[in-house]
Amino acid sequence: MTLLPTGRARIDELRMVGITKRFPGVLANDGVDFDVRAGEIHALLGENGAGKSTLMRQLYGLYKPDAGEIRLNGAARRFNSPSDAIHAGIGMIHQHFMLVPALTVAENVALGLASSRGPLLDLDRVSKRIEELGERYHLKVQPDAQVWQLSVGEQQRVEILKALYRGAALLALDEPTAVLTPQEVGEFFKVLRRMAEDGHALIFISHKLHEVIDISHRVTVMRDGKVVATHPTAGSTRERLAGEMVGRPILLEYDKPPVPAAAANEVPRLEVEDLHVRGDRGRDALRGVSLSIRSGEILGIAGVSGNGQRELAEALTGLRRVTRGRVRVNGRDLTHATPQQRIAAGQSAIPEERMKDGVVRDFSVSENLILQDHGHAPYSRAGFLNTRAITRDCAALVKDYSVKTPALETPTKNLSGGNIQKLILARELARKPTLLICAQPTRGVDIGASEYIHQRLLEQRQRGMATLLISEDLDELMALSDRIAVMYEGRLMAVLDRADATPAKLGLLMAGVAA
Amino acid sequence: MNELFTVPVLLGILYSGVRLATPYLYAALGEMFAQRSGVVNLGVDGIMLMGAFAAFFVVSNTGNLLLGVLAAMLVGLLMGLIMSFVSVNLQAEQGISGIGLYLFGLGLSSLLFKKLSVSTRAIEGFPALPIPVLSDLPEIGDVFFKHNILVYIAFALVPVAAFVLNHTTLGLKVRAAGMKPEAADSLGVSVARVRYLCVTFGSMMAGLAGASLSIGLINLFQENMTSGLGFIAVALVYFGGWTPLGVMIGALLFSMVNALQLWVQVKAIPIPSDLAVMLPYILTIAALVLGRRARQPAALSKPFSRGEN
């Protein structure tokens, strides 16, 4: 038996055979075969809803498979709960951190473990071991710090330490880079490679193609609950992987003509001067943001979430009070305008939280499509809704924007994320806005729908619409933007031309390091 | 007014305050555990009534005080299991089911009291147990060290509760279950078991709180004799910022004001008695408004499920 540096036995091979899992109305996993070996980083790639997380949750004992078998080193095993999986040497890093923010690092690690002092906690001992492991795997973190005080990158280290502390020989990482800055991703990948060299088996779940190509040895692609391909990563291209994920060829880079040179007397679509607003906790969330966007231009806003992007979008859509500064749309002062006045001035918005701020979950598709325009002709007269006009126009919109819905009357919450986003896009673009404030347009949306949404945004750009594109997805920003601004702690660190913006440069700026 | 602020009267208020804090302490410490694990049990008052009745019934029939205490805790255990089942297994809205449990306890204790023709005379409750040496201290001895055993136990539970919560593996599980149950679950901690344990323990403490009234303080049972005391205990958990020490300070503050209010009435001080009776409740509201909500367990009153159908 080969031992890992943590003193635990290696898992030479994990094999999941014919795993099938049904949820009411959905076949989440359909006869899935998957395997990973010691020393290997095996990427599991697929769209949201392809069944990756469901597969991993069965490995970790959170769900029980309806059919199929899990074999560890050749022997069939059943995991009825996470503690069974933990005992077998399986660790899992969940997409949303499973940390208790108000507890210390050591308490989070010790949670659920037997103590050397019987019923009493032995946090000193736990802390010492955390430091040893941290040393070995370059996962430095203060054991007595409370988790809420840590950066996201540090919290992730705690998650990995938790698994290593429990002797995990196999680690499943569910979208581990979703919340990291590019620099943190680099550091994180070093840790993963180190672990693989030591003989850990790693499963890397992602939908970020370049990361999969960068880190993994083998890749398994899932689509609609089935495995569609398993092959070595070497030699794969992003285009090939994207095609396998979606089942048809996908464009990852778009051709777009340059923004025409400004006319002498051209008025910018959006001008923001020295904008200040307060955040939810009363502190200044924006501290002097100035920017301007011309007709036919897309300005991207990059940044780690929580640096004022949400507040910027809310201030520009009339949902948050501006404490200082000016906002002009097409030359008109709209600093303190209501959302309604902004819409009337030709502005549209795609909100960050589509289920919360974008649609009314329980409303039907058509009700959501007329959410803003229901108060006037042709959709209503004297307070009565004109059902015929609504049905006619909504049917056209649903068709135009290829929103997949069983009917116009279907409750919106039953649609997939991508289709809800297309619905919002249809509503917001149908009135031919001159300015679009667009936040995280493809977050949680599958590649196929993302590509569609991007094409529609570029089409509007051609038409002359100005777009403020706030996104945490650097690929998206690089593919769409004409210029990219980086936000850090409520200020714009810099505004780069697309041609000058490299991930490395953006990453530094996102971390608050001035170029 | 001057009559109120004499040394003997103030000592008397202190003495009663310590004594009257007992039921609040038991009930609130128990409720604190339930809430730290993520469950609000609003049925405390109903459990107290049932506990008070059970203890009084057993003692008036057998004369055995210990048996009375055990009966009250057993009743608490059963009602705690009901609350746990409803809130953990059935994932019901905890505020509503707690009020249901309260009404159940209120109704059943009154019904049993009438139907079982229980004595309406006072029983011989727990006697005062002066602590040697300490009770001889001038003034302080009388105030703190001449109480019955239930009073001492209640105050002794405060450091015990703090220790269990902060220095044991069980306490860590309780805190995690109340703040982020999915994290605890992902590490193999059974959130359901932890919550069952805490809610049931809390309900046993509520039963004991009832007993401390009916066979320790008043030595009588009357319909609805708690008159909302259990709800105050729930409020004290908020007031105390979910810590045993905070809960104790709240319980003492509250019972002192209560004792003061009684003295005001006894001494016929010219303050409208209604106003005096209101005083503790006004204090409760003020305390809750000023309370430290930031310390509230993040998953308080949220049922936990893994999401598997």
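Every chain's residues receive numbers from 1 upward, in the order its sequence appears when written. Just so you know, chain letters begin at A and ligand numbers begin at 1, following the order they were written in. Restriction of local features to residues with pLDDT of at least 70 applies here, the model being predicted, together with a cutoff of 80 or more for giving and counting side-chain atom pairs; totals for whole chains, interfaces and linings are based on all residues. The side-chain numbers reported here are obtained from all heavy atoms of the structure, hydrogens and water having been left aside.

### Things to note about the overall build of chain B
And step 1. Secondary structure elements follow DSSP: runs of H or I of four or more residues count as helices, runs of E of two or more count as strands, with numbering from the N terminus. Tallying secondary structure elements over chain B gives 12 helices and zero strands in all.
And step 2. When the helices and strands of chain B are read in sequence order from the N terminus, they spell out α-α-α-α-α-α-α-α-α-α-α-α.
And step 3. Each radius of gyration reported is based on C-alpha atoms, and the globular scaling rule is 2.2 Å times the count of residues to the power 0.38. Taking 2.2 N^0.38 as the reference for a compact globule, 309 residues should give roughly 19 Å; the C-alpha atoms of chain B span a radius of gyration of 20 Å, in line with that estimate.
And step 4. C-alpha atoms of chain B, sized along the principal axes, occupy 65 × 45 × 40 Å.
And step 5. Among the 309 residues that make up chain B, the fraction classed as buried is 53%.
And step 6. Within chain B, contacts between residues at least 6 apart in sequence are counted, and of these 77% link residues at least 24 apart.
And step 7. Each accessible area is a Shrake-Rupley estimate made with a 1.4 Å probe; only the visible protein chains count as cover when residues are assessed. Of the roughly 13400 Å² that chain B leaves accessible, carbon and sulfur atoms contribute 69%.
And step 8. When charges are counted, neither His nor the chain ends are considered; positive counts come from Lys and Arg and negative counts from Asp and Glu. The atoms used to mark charge sites are NZ of Lys, CZ of Arg, CG of Asp and CD of Glu. Across chain B, the mean location of the 17 positive side-chain charges is 8 Å away from that of the 13 negative side-chain charges. When a residue's accessible area, from a 1.4 Å probe over protein chains only, is under 20% of the maximum for its type it is buried; when over 50% it is exposed; and in between it is partly exposed. Contact criterion: two residues are considered in contact whenever any of their non-hydrogen atoms come within 4.5 Å of each other.

### Some words on the packing of aromatic side chains
And step 1. Pairing of aromatic side chains here covers Phe, Tyr and the six-membered ring of Trp, requires ring centres within 6.5 Å, and sorts the geometry by plane angle: under 30 degrees stacked, over 60 edge-to-face, intermediate tilted. Summed over all chains, the structure comprises 12 aromatic pairs over all chains.
And step 2. For the pair Tyr-24 of chain B and Phe-254 of chain B, a centre-to-centre distance of 5.1 Å together with 75° between the ring planes defines the contact as edge-to-face. Of this pair, Tyr-24 of chain B sits in helix H1 (residues 7-36) while Phe-254 of chain B sits in helix H11 (residues 244-266); the two residues are 230 residues apart in sequence, bridging distant segments of the chain. Both residues of the pair, Tyr-24 of chain B and Phe-254 of chain B, count as buried.
And step 3. An aromatic cluster is present here, built from Phe-53, Phe-57, Phe-113 and Phe-221 of chain B joined pairwise through their rings.
And step 4. Charge-over-ring placement is defined geometrically: NZ (Lys) or CZ (Arg) within 6 Å of the ring centre, and within 35 degrees of the ring normal. Sitting over the face of the ring of Tyr-452 of chain A, Lys-422 of chain A holds its NZ or CZ atom 5.0 Å from the ring centroid.
And step 5. Directly above the ring of Tyr-401 of chain A sits Arg-456 of chain A, whose terminal nitrogen or CZ lies 4.1 Å from the centroid.

### What to know about the side chain of Ser-109 of chain B
And step 1. Structurally, the position occupied by Ser-109 of chain B is in helix H4 (residues 94-115).
And step 2. Once residues within four sequence positions are removed from consideration, Ser-109 of chain B is found in contact with Leu-49, Met-50, Phe-53 and Phe-221 of chain B.

### Observations regarding a nonpolar patch on the surface
And step 1. Where nonpolar side chains cluster on the molecular surface, the patch consists of Leu-134, Leu-137, Ile-140 and Phe-144 of chain B and spans about 340 Å² of accessible area.
And step 2. With respect to the helices, strands and loops of the structure, Phe-144 of chain B is situated in helix H5 (residues 140-144). Patches were defined on residues exceeding 30% relative accessible area and lacking a salt bridge, with like-charge contacts within 9 Å and nonpolar side-chain contacts (Val, Leu, Ile, Met, Phe, Trp, Tyr) within 5 Å. The working definition used for a salt bridge is a side-chain nitrogen of Lys or Arg within 4 Å of a carboxyl oxygen of Asp or Glu.

### Some details on the interface of chain B and chain A
And step 1. With 23 residues of chain B in contact, the opposing surface of chain A contributes 33 residues.
And step 2. Using a 1.4 Å probe, buried area is obtained as the accessible area two parts lose upon being combined, added over both of them. Taken together, the two surfaces of chain B and chain A that pack against each other cover about 2200 Å², and 67% of this comes from carbon and sulfur.
And step 3. Seen at the junction of chain B and chain A, the total is one salt bridge.
And step 4. Residue Arg-175 of chain B pairs with Glu-107 of chain A through a salt bridge whose shortest N-O separation is 3.0 Å.
And step 5. We define a polar contact as two N or O atoms separated by no more than 3.5 Å, with the added condition that, inside protein, one atom must be a possible hydrogen donor and the other a possible acceptor, whereas residues neighbouring each other in sequence contribute only through side-chain atom pairs. The tally of links between chain B and chain A comes to six residue pairs in polar contact (both at pLDDT 80 or more).
And step 6. By residue number, the principal contributor to the side of chain B that touches chain A is helix H7 (residues 169-179) of chain B, which donates six residues.
And step 7. Gly counts as polar in this scheme, as do all residues outside two lists: the nonpolar Ala, Val, Leu, Ile, Met, Phe, Trp, Tyr, Cys and Pro, and the charged Asp, Glu, Lys and Arg. Among the residues making up the side of chain B that touches chain A, the classes are represented as eight nonpolar, eight polar and seven charged.

### Focus: the packing of helix H14 (residues 417-430) of chain A against helix H15 (residues 447-463) of chain A
All names here are of chain A.
And step 1. Every angle, taken between N-to-C directions, lies between 0 and 180 degrees, and every axis is a line fitted to C-alpha atoms, over only the stretch in contact when it is a helix. Contact geometry for H14 and H15: axes closest at 10 Å, N-to-C directions at 10°. As far as their axial angle goes, H15 and H14 are roughly parallel. Pair H14 / H15 crosses with left-handed handedness. The residues of H15 that touch H14, namely those facing Gly-418, Gln-421, Lys-422, Leu-425 and Leu-429, are Ala-449, Tyr-452, Ile-453, Arg-456, Leu-457 and Gln-460.
And step 2. Split by residue class, the contact of H14 with H15 holds six nonpolar, three polar and two charged. Each angle receives one of four descriptions, namely roughly parallel if under 35 degrees, roughly antiparallel if over 145, roughly perpendicular if within 65 to 115, and oblique otherwise. The sense of a crossing depends on the near helix, which, turned anticlockwise from the far helix by less than a right angle, makes the crossing left-handed and, turned clockwise, makes it right-handed.

### Quick word on the domain arrangement of chain A
All names here are of chain A.
And step 1. For chain A, the assigned domains are domain 1 (13-98 + 168-245), domain 2 (254-346 + 433-515) and domain 3 (359-431).
And step 2. These domain limits were set by an automatic method or by a database of domain assignments. Taking only C-alpha atoms into account, the centre of domain 1 sits 35 Å from that of domain 2.
And step 3. Listed by partner, the interface residues are 10 residues for domain 1 and 13 residues for domain 2.
And step 4. Here domain 1 meets domain 2 over a buried area of about 810 Å², counting both sides, of which 60% is carbon and sulfur.
And step 5. Summed over the three residues of domain 1 that lose the most area to domain 2, namely Glu-47, Pro-182 and Gln-183, the buried surface amounts to 46% of that side.
And step 6. At the surface where domain 1 touches domain 2, the tally comes to zero salt bridges.

### A few points about the sheet that holds strand S3 (residues 41-46) of chain A
Residues and elements named next belong to chain A.
And step 1. Pairs of strands are assigned from DSSP output, requiring at least two bridges between the strands. Taken in spatial order, the six strands line up as S6-S7-S8-S3-S9-S10 in an open sheet, and their pairing is mixed. The sheet is open, and its two edges are formed by strand S6 (90-93) and strand S10 (226-232), each paired on a single side. When strand polarity is set aside, the average angle formed by the axes of neighbouring strands in this sheet is 15°.
And step 2. Where S3 meets strand S9 (residues 218-223), five bridges bridge the pair, whose relative direction is parallel. Bridge pairing links Gly-46 to Met-222 in S9.

### Description of the packing of helix H2 (residues 44-62) of chain B against helix H3 (residues 65-89) of chain B
Residues and elements named next belong to chain B.
And step 1. Packing of H2 against H3 brings their axes to within 8 Å, and their N-to-C directions diverge by 150°. If you check the angle between H2 and H3, you find them roughly antiparallel. The two elements H2 and H3 meet at a crossing, and its hand is right-handed. On H3, the residues touching Gly-46, Ile-47, Met-50, Gly-51, Ala-54, Ala-55, Val-58, Val-59 and Thr-62 of H2 are Leu-65, Leu-67, Gly-68, Ala-71, Ala-72, Val-75, Gly-76 and Met-79.
And step 2. Each residue belonging to the contact of H2 with H3 can be placed in one class, and the counts come to 12 nonpolar, five polar and no charged.

### Notes on the pairing of strand S11 (residues 270-278) of chain A
Residues and elements named next belong to chain A.
And step 1. Two elements, S11 and strand S14 (residues 322-329), share six bridges in a ladder whose sense is antiparallel. Along S14, the bridge assignment pairs Val-277 with Val-322.
And step 2. Relative to strand S12 (residues 284-293), S11 runs antiparallel, the two sharing seven bridges. Of the residues in S12, the one forming a bridge with Leu-270 is Ile-293.
And step 3. Count of turn residues in the S11/S12 antiparallel hairpin: five residues, of which Gly-282 carries a positive phi of about 90°.

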